[in-house]
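Per-entry structural report
Given next are the chains, with one letter for each unit.
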Amino acid sequence: MSDHSSFDSVKRGAGALLSGALSALIIVVGMLAVMWVVEGVDFFLGGTLDREFGIVGLDPDGLIGVVFAPFLHVGFGHLMANSLPLLILGFLAGMRDLRKFLWASVLIILIGGLGTWLTSPRVYTVGASGLIFGYFGYILARGLFDRRLLDLVIAAGVGFAYWGILAGLLPNQEGISWQGHLFGLIGGVVAAWVLRRKRELPAY
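1. Considerations on helix α7 (residues 149-162)
- The end-to-end C-alpha distance of α7 is 20 Å, a good match for the 20 Å that 14 residues give at a rise of 1.5 Å each.
- Listing the buried residues of α7 in full gives D151, I154, A155, V158 and Y162. Along the axis of α7, the buried positions cluster into a sector of 100°, meaning they face one direction only. Summarising the geometry of α7, the exposed residues directed more than 90 degrees from the buried face are L149, V153, A156 and F160.
- Those residues of α7 hidden inside the fold are in contact with α4 (76-94) and α6 (129-146).

Structural data, given as structure tokens:
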């Protein structure tokens, strides 16, 4: 009876993980689809969307970009460079808990966008790289804060495969928003802390 119950528990857990992974994949692919459609529209508009809805540092009108800038890119080359890492890291960030993934995405966008706006005076910033750094930070910090075996394995794999992106945090790189990268990463770590697994206190 006990063995049967354990098997059912494992089966339910595997089913929930598979369902969550599929849902995460659908959402991230949907986000990418929106970005590609938006970039196609922006191409025909001559970059108008970038100028109107990008982050413009310390400009009150540029605050609108905090929400919209992650979905805008400076050409298809920029978007192509972001697409694969966003797909992989977004999927890994969302596969175990979709609700936390959605909240983490909101926190990364807000913290990353506001930090970029505050530290990039009179500079236009667009692109999903802040989200990419945010998911990277979220996955690593989630492994440390939650200490679940699966999260630790994912964090170790992501850290090994993507540690090279940390070079994007270096300042004074022409055409690269290190501020967006830095505050996206901070947003991911903050999200992992806010959404961490709450442990029950021992009863006395």
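2. Re the nonpolar core
- Of all hydrophobic cores here, the largest spans 32 residues; its most connected members are L86, L89, L131, Y135, I139 and V158.
- Counting residues per element, this core draws most heavily on α6, at eight residues.
- Leave out the neighbours within four places in its chain, and L89 touches I132, Y135, F136, I139, V158 and Y162.

3. Looking at the packing of aromatic side chains
- Using the criterion set out here, one finds six aromatic pairs in the structure.
- Each ring, one from F101 and one from Y135, has its centre 5.3 Å from the other, and the planes form 35°; the classification is tilted. In this pair, F101 sits in helix α5 (residues 98-119) while Y135 sits in helix α6, placing the two residues 34 residues apart along the sequence.
- Overall, F101 belongs to the buried group, its relative accessible area being 0%.

4. Focus on the packing of α4 against α6
- Running from N to C, α4 and α6 cross one another at 30°; their axes reach a closest spacing of 9 Å. Considering their axes alone, α4 and α6 lie roughly parallel with respect to each other. Here α4 runs over α6; the crossing is left-handed. Contacts between α4 and α6 involve N82, P85, L86, L89, G90, L92 and A93 on the former and, on the latter, S129, L131, I132, Y135, F136, Y138, I139 and R142.

5. Regarding a nonpolar patch on the surface
- The grouping of L63, I64, V67, F68, W103, V106, L110 and L114 at the surface amounts to a nonpolar patch, some 670 Å² of accessible area in total.
- Elements with a minimum of two residues in the nonpolar patch: α3 (65-68) and α5.
- Top element by residues in the nonpolar patch is α5. It accounts for four residues.
- With respect to the helices and strands, L114 occurs in helix α5.
- The exposure class assigned to L114 is partly exposed, which follows from its relative accessible area of 40%.

6. Some points on the layout of surface pockets
- There is about 700 Å³ of room inside the largest pocket.
- As for the largest pocket, its lining consists of 36 residues, of which T125, V126, G127, S129 and S177 are closest to the centre.
- Listing elements by their share of the lining of the largest pocket, those giving two or more residues are α2 (48-53), α4, α5, β2 (124-125), α6 and α8 (178-194).
- Its residues assigned to classes, the lining of the largest pocket shows 17 nonpolar, 17 polar and two charged.

Calculation criteria
- Residues numbered from 1 in each chain as written.
- Predicted model: local features only at pLDDT ≥ 70, side-chain atom pairs only at ≥ 80, totals over all residues.
- Heavy atoms only, no water.
- Helix = DSSP H or I, 4+ residues; strand = E, 2+ residues; numbered from the N terminus.
- Expected span 1.5 Å × (residues − 1).
- Buried < 20%, exposed > 50% of the residue type's maximum accessible area, 1.4 Å probe, protein only.
- Arc of directions from axis to C-beta.
- Contact = heavy atoms within 4.5 Å.
- Core = buried A, V, L, I, M, F, W, Y, C linked by side-chain atoms within 4.5 Å.
- Phe/Tyr/Trp six-rings, centres within 6.5 Å; stacked < 30°, edge-to-face > 60°.
- Axes fitted to C-alpha atoms, helices over the stretch in contact; angles between N-to-C directions.
- Parallel < 35°, antiparallel > 145°, perpendicular 65-115°, else oblique.
- Left-handed = near helix turned anticlockwise from the far one by under 90°.
- Patch = residues over 30% accessible without salt bridge, like charges linked within 9 Å, V, L, I, M, F, W, Y side chains within 5 Å.
- Areas by Shrake-Rupley, 256 points an atom, 1.4 Å probe, with all protein chains shown as cover.
- Salt bridge = Lys/Arg side-chain N within 4 Å of Asp/Glu carboxyl O.
- 1 Å grid on protein atoms, 1.4 Å probe; cavity = no way out; pocket = protein on both sides within 12 Å on 5 of 7 lines; lining within 4 Å.
- Points joined across faces, edges and corners; volume = space filled by probe spheres on them.
- Nonpolar A, V, L, I, M, F, W, Y, C, P; charged D, E, K, R; others polar.

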